[in-house]
Amino acid sequence: MSVMMSSLPPDLMNPVRLNGRVACRLMLDLTAYLVGPTEQELEYLISLYEHLCPKDRLVNYKIAELQYWAPVAQPHLTASGRAAAAAGVPRPYLEPVRRRIREGRAFEIQYWDGRGIDDVEGSWSFSCRRVHLQASGHHSFVRVLIPLQSDPGILTALAGALAKHVALYSGHAGLTFAYDPWLK
């Protein structure tokens, strides 16, 4: 158990239940508000997450073109993804995201280990999204959530790497409550 976890009040260590279901739980979070990202920065962010995330937790991904979580091991390729695969491009399932970045459009890429909020081991997730508002332009962020039991040094390493390699406006890291949106 990390020093941080051992110093938390016991009530924070346990998930909050509502009618027998887990409504929310404490997790570790890093969120950064990005200038871009450029295609290269996005590739860096994903490579960094893949490096820090346990291999057995890199399970599912989702992009704007898919309305469901698809397995990373057997990605569902769009037409541009199939063309990228034929050209030998790494992570061809991300080609629609790359295309959206090149075209200055909104995008999303998410990874999730498929573990629900009630999983005692917690879950790992990554989300990088950009919206394009007519009045104010692009607004982007990257967010990584990891189980409370994880080494908080992961967030320190992630924050340092982000600040060194990705243009950003600001960010924050530490404890956060993740919640079941159906019980909001």
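Everything discussed here concerns the structure shown above.
As a starting point, this report considers the structure included with it. The residue numbers shown here count from 1 along each chain, following its written sequence. Where local features are concerned, this predicted model is filtered to residues with pLDDT of at least 70; where side-chain atom pairs are given and counted, the filter is 80 or more; whole-chain, interface and lining totals use all residues. With hydrogens and water stripped out, all remaining heavy atoms of the structure feed into the side-chain values.

**Description of the packing of helix H3 (residues 39–52) against helix H5 (residues 95–102)**
Okay, step 1: Two numbers describe how H3 lies on H5: the axes approach to 10 Å, and their chain directions differ by 145°. Of the residues in H5, those in contact with Glu39, Leu42 and Glu43 of H3 are Val97, Arg98, Ile101 and Arg102.
Okay, step 2: The residue inventory of the contact of H3 with H5, partitioned by class, reads three nonpolar, no polar and four charged. Axis definition: a line fitted to C-alpha atoms, limited for helices to the stretch in contact. Angles are taken between N-to-C directions and run from 0 to 180 degrees. Numbering of helices and strands starts at the N terminus; helices are DSSP runs of H or I of at least 4 residues and strands are runs of E of at least 2. Any two residues whose heavy atoms approach within 4.5 Å at even a single point are treated as in contact. In the scheme used here, Gly and all other residues not listed as nonpolar or charged are polar, with Ala, Val, Leu, Ile, Met, Phe, Trp, Tyr, Cys and Pro taken as nonpolar and Asp, Glu, Lys and Arg as charged.

**Points about the packing of aromatic side chains**
Okay, step 1: Here a pair means two rings of Phe, Tyr or Trp (six-membered ring of Trp) with centres within 6.5 Å. Their orientation is stacked below 30 degrees between planes, edge-to-face above 60, and tilted elsewhere. Enumeration over the complete set of coordinates arrives at five aromatic pairs.
Okay, step 2: Consider the rings of tyrosine 49 and tyrosine 111, whose centres lie 6.2 Å apart with planes at 25°: the pair is stacked. With a gap of 62 residues between them, tyrosine 49 in helix H3 and tyrosine 111 in strand S5 (residues 107–112) connect regions that are remote in the sequence.
Okay, step 3: A simple rule labels every residue: compare its accessible area, found with a 1.4 Å probe on the protein chains alone, to the largest value its type can have, and call it buried under 20%, exposed over 50%, or partly exposed in between. The buried category is assigned to tyrosine 111, whose relative accessible area is 2%.
Okay, step 4: Ring centres of tyrosine 49 and phenylalanine 126 lie 5.2 Å apart, and the angle between their planes is 40°; this geometry places the pair in the tilted category. In this pair, tyrosine 49 sits in helix H3 while phenylalanine 126 sits in strand S6 (residues 125–133), placing the two residues 77 residues apart along the sequence.
Okay, step 5: Each residue in the set Tyr49, Tyr111 and Phe126 is aromatic and connected to the rest through ring pairs, giving one cluster.

Scope: geometric values only; no functional claims are made or implied.
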